[in-house]
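A look at the structure
One letter stands for each residue in the lines below.
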Amino acid sequence: MKNITACACLAGALALPGFVQARPVTLTAQLKNYAGNGAYLAVYVTDAAGKYKKTLWVAGKKTKYYKHLSDWARGSGLNAGEFDGISGASVGSGKTLKVTVELADTLIDAGYEIRVDSAAEDGRDNPADVRTPLSKQGAGKPVGGRGYVKSFIYDM
């Protein structure tokens, strides 16, 4: 009986570090009114030094345009494993992208940022169109973009 208990405790101890709490986070990007085709967006997380960590969402289905989301493309290496299953249609002028993703609690209030790169066919590329700290205090507070994004907000 002692061996079974010891094995169960050991298995639990080994599994515990791999157990990470996550929560749903809703990302909302409102685009400006601009002339042209739908914008491609990459929403991703960086550490405090700006180093890419994780893709949260990619708007736009044609992968040939992903290179124009330059900071995200460089960080993710355009590895399909980074965006498989987390992509959708591009976002038109004046339209809103709203998606809910799972985000590890360890990324919140730990110096990480959410960034949005944007680009549109025959338009400008906007690396880091939006940058906002990933924190409980920042949740629910709109942030303005520098490119196609009028405002961005995340809610937990």
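Above: the structure in question.
Just so you know, these numbers come straight off a predicted model, no measurement behind them.

Re the environment of Val130
Assignment of secondary structure puts Val130 in strand E7 (residues 125-133). With 21 residues separating them in the primary sequence, Val130 and Ser151 have C-alpha atoms 8.3 Å apart. Among residues more than four places away in sequence, those in contact with Val130 are Ile114, Arg115, Val116, Val143, Gly144, Gly145, Val149 and Phe152.

So, the sheet that holds strand E1 (residues 22-31)
What the four strands build is an open sheet, ordered E5-E1-E9-E8; its pairing is antiparallel. Looking at the sheet topology across the chains shown, the edges are occupied by strand E5 (96-104) and strand E8 (143-144). Pairing geometry for E1 and E5, over nine bridges, is antiparallel. Counted as the bridge partner of Arg23 is Leu103 from E5.

What about the packing of aromatic side chains?
With the rule as written, the count across this model stands at seven aromatic pairs. An angle of 65° between the planes, with centres 6.2 Å apart, marks the rings of Tyr40 and Tyr66 as edge-to-face. In this pair, Tyr40 sits in strand E2 (residues 39-46) while Tyr66 sits in the loop between strand E3 (52-59) and helix H2 (70-76), placing the two residues 26 residues apart along the sequence. No difference in accessibility class separates Tyr40 from Tyr66, as the two residues are buried. Both rings, one in Tyr66 and one in Trp72, keep their centres 5.5 Å apart while their planes meet at 80°; by these two values the pair is edge-to-face. For the pair shown, Tyr66 and Trp72 are each scored as buried. Among the aromatic residues, ring-to-ring pairing joins Tyr40, Tyr65, Tyr66, Trp72 and Phe83 into one connected group.

The rules we used
- Residues numbered from 1 in each chain as written.
- Predicted model: local features only at pLDDT ≥ 70, side-chain atom pairs only at ≥ 80, totals over all residues.
- Heavy atoms only, no water.
- Helix = DSSP H or I, 4+ residues; strand = E, 2+ residues; numbered from the N terminus.
- Contact = heavy atoms within 4.5 Å.
- Pairing = 2+ DSSP bridges.
- Phe/Tyr/Trp six-rings, centres within 6.5 Å; stacked < 30°, edge-to-face > 60°.
- Buried < 20%, exposed > 50% of the residue type's maximum accessible area, 1.4 Å probe, protein only.

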